[in-house]
Amino acid sequence: MKKILNFEQIDNLVDELSEKILKDYKFKSIALIGDLGVGKTYISKRICKNLGVKGNVKSPTFTYLLEYDLGDRKVVHFDLYRLSNIDELYEIGYEDYIEDGNIFLIEWANNVPEAIPENTLYFSLEHNDETSRIVSVYEIKDGEVIYVDINNYNFN
Ligand SMILES: Nc1ncnc2c1ncn2[C@@H]1O[C@H](COP(=O)(O)OP(=O)(O)OP(=O)(O)O)[C@@H](O)[C@H]1O
Ligand SMILES: [Mg+2]
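These numbers come from a predicted model, not from an experiment.

1. Here we look at the site of ligand 1
Working step 1: Around ligand 1, the structure places Phe 7, Ile 10, Gly 34, Leu 36, Gly 37, Val 38, Gly 39, Lys 40, Thr 41, Tyr 42 and Tyr 81.
Working step 2: Contributing elements (two or more residues each) for the shell around ligand 1: helix H1 (7-22) and helix H2 (40-51).
Working step 3: A total of three residues in the shell around ligand 1 trace back to one element, the largest contributor, which is H2.

Structural data, given as structure tokens:
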């Protein structure tokens with residue numbers, strides 16, 4: 001289910017999602033999917049801030065990942081745009097990061113669908129106009145896409 005949301009509505013959705021992550025709901029891994037410039041890094045930065053990351057949150061475009069310590073757990077922010085194959089991911093110690101309790105924000109998760117943890121919440125963005133995006137939020141279970149109703153925002 002896709003919906004056109006303006007930037008303010010996207011901010012609100014992202015803030016609600018951050019609340020759920022903080023309250024220990026099931027999603028610890030957020031995949032951000034969409035074309036160049038659609039807002040994946042913007043959303044990742046906002047989630048980082050909401051989760052309590054202090055200071056400047058940068059884009060991990062040239063490093064594949066940046067990690068932030070929240071004290072009891074880490075936020076690991078991946079940008080997999082430049083990844084050319086899955087082996088590169090394992091070379092940077094990806095498996096060690098996929099530990100219980102850590103929070104993952106994964107831009108370009110669609111580049112390596114086979115490496116994305118179960119229980120990931122997918123946040124898909126498409127360009128619309130300068131101040132809005134076409135947004136859908138979904139899970140993938142047994143290869144099947146299950147959409148989250150953005151209006152009600154219920155996860156069962
Ligand atoms: N929800 C939003 N609210 C305000 N500004 C936004 C929003 N989404 C995107 N933008 C603006 O669009 C620009 C590009 O966004 P961003 O860098 O997050 O895209 P991206 O999807 O990470 O692109 P890339 O794949 O190239 O890294 C940013 O400068 C940001 O200010
Ligand atoms: Mg980006």
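2. A few points about the environment of Tyr 153
Working step 1: With respect to the helices and strands, the residue Tyr 153 is situated in the segment after strand E8 (144-147).
Working step 2: Accessibility expressed as a C-beta count within 10 Å gives 13 for Tyr 153, which makes it partly exposed.
Working step 3: As a C-alpha pair, Tyr 153 and Asp 100 span 53 residues in sequence and 24 Å in three-dimensional space.
Working step 4: Ignoring anything within four residues of it in the chain, the contact list for Tyr 153 reads Glu 16 and Val 148.

3. Re the pairing of strand E6 (residues 120-129)
Working step 1: Bridge count between strand E2 (residues 29-34) and E6: six bridges; the pairing is parallel. What sits directly across from Ala 31, in E6, is Tyr 122.
Working step 2: Taken together, the seven bridges between E6 and strand E7 (residues 132-141) define a ladder with antiparallel strand orientation. Residue pairing for E7: Leu 125 is matched across the bridge by Val 135.

4. Observations concerning the packing of H1 against H2
Two numbers describe a pair of packed helices, the interaxial angle and the distance between the axes.
Working step 1: Across the interface, H1 lies against H2 with an axial gap of 9 Å and an inter-helix angle of 45°. By the criterion of interaxial angle, the relationship of H1 to H2 is oblique. Relative to H2, H1 is oriented so that their crossing is right-handed. Contacts between H1 and H2 involve Asp 11, Val 14, Asp 15, Ser 18, Ile 21 and Leu 22 from the first element and Ile 43, Arg 46, Ile 47, Asn 50 and Leu 51 from the second.
Working step 2: Across the contact of H1 with H2, the residue classes break down as six nonpolar, two polar and three charged.

5. Topic: the environment of Lys 28
Working step 1: If you trace the backbone, Lys 28 turns up in the loop between H1 and E2.
Working step 2: Since 20 C-beta atoms lie within 10 Å of it, Lys 28 is described here as buried.
Working step 3: For Lys 28, the residues in contact, after removing those within four places along its chain, are Ile 21, Asn 102, Ile 103 and Phe 104.

6. A word on H1
Working step 1: Taking 1.5 Å per residue, 16 residues should reach 22 Å; H1 reaches 22 Å between its end C-alpha atoms and fits that length.
Working step 2: Taken together, the buried positions of H1 are occupied by Ile 10, Val 14, Leu 17, Ser 18 and Ile 21. Buried positions in H1, seen along its axis, are confined to an arc of 105° and lie on one side of it. Pointing more than 90 degrees away from the buried face of H1 are the exposed residues Glu 8, Glu 16 and Glu 19.
Working step 3: Lining the buried residues of H1 we find strand E1 (3-6), H2, strand E5 (103-107) and E7.
Working step 4: A positive phi of about 70° marks Asp 24, the residue just after H1.

About the cut-offs
- Residues numbered from 1 in each chain as written.
- Chains lettered and ligands numbered in written order.
- Predicted model: local features only at pLDDT ≥ 70, side-chain atom pairs only at ≥ 80, totals over all residues.
- Near = placed C-beta within 6 Å.
- Helix = DSSP H or I, 4+ residues; strand = E, 2+ residues; numbered from the N terminus.
- Buried ≥ 20, exposed ≤ 12 C-beta atoms within 10 Å, placed from the backbone.
- Contact = placed C-beta atoms within 7 Å.
- Pairing = 2+ DSSP bridges.
- Axes fitted to C-alpha atoms, helices over the stretch in contact; angles between N-to-C directions.
- Parallel < 35°, antiparallel > 145°, perpendicular 65-115°, else oblique.
- Left-handed = near helix turned anticlockwise from the far one by under 90°.
- Nonpolar A, V, L, I, M, F, W, Y, C, P; charged D, E, K, R; others polar.
- Expected span 1.5 Å × (residues − 1).
- Arc of directions from axis to C-beta.

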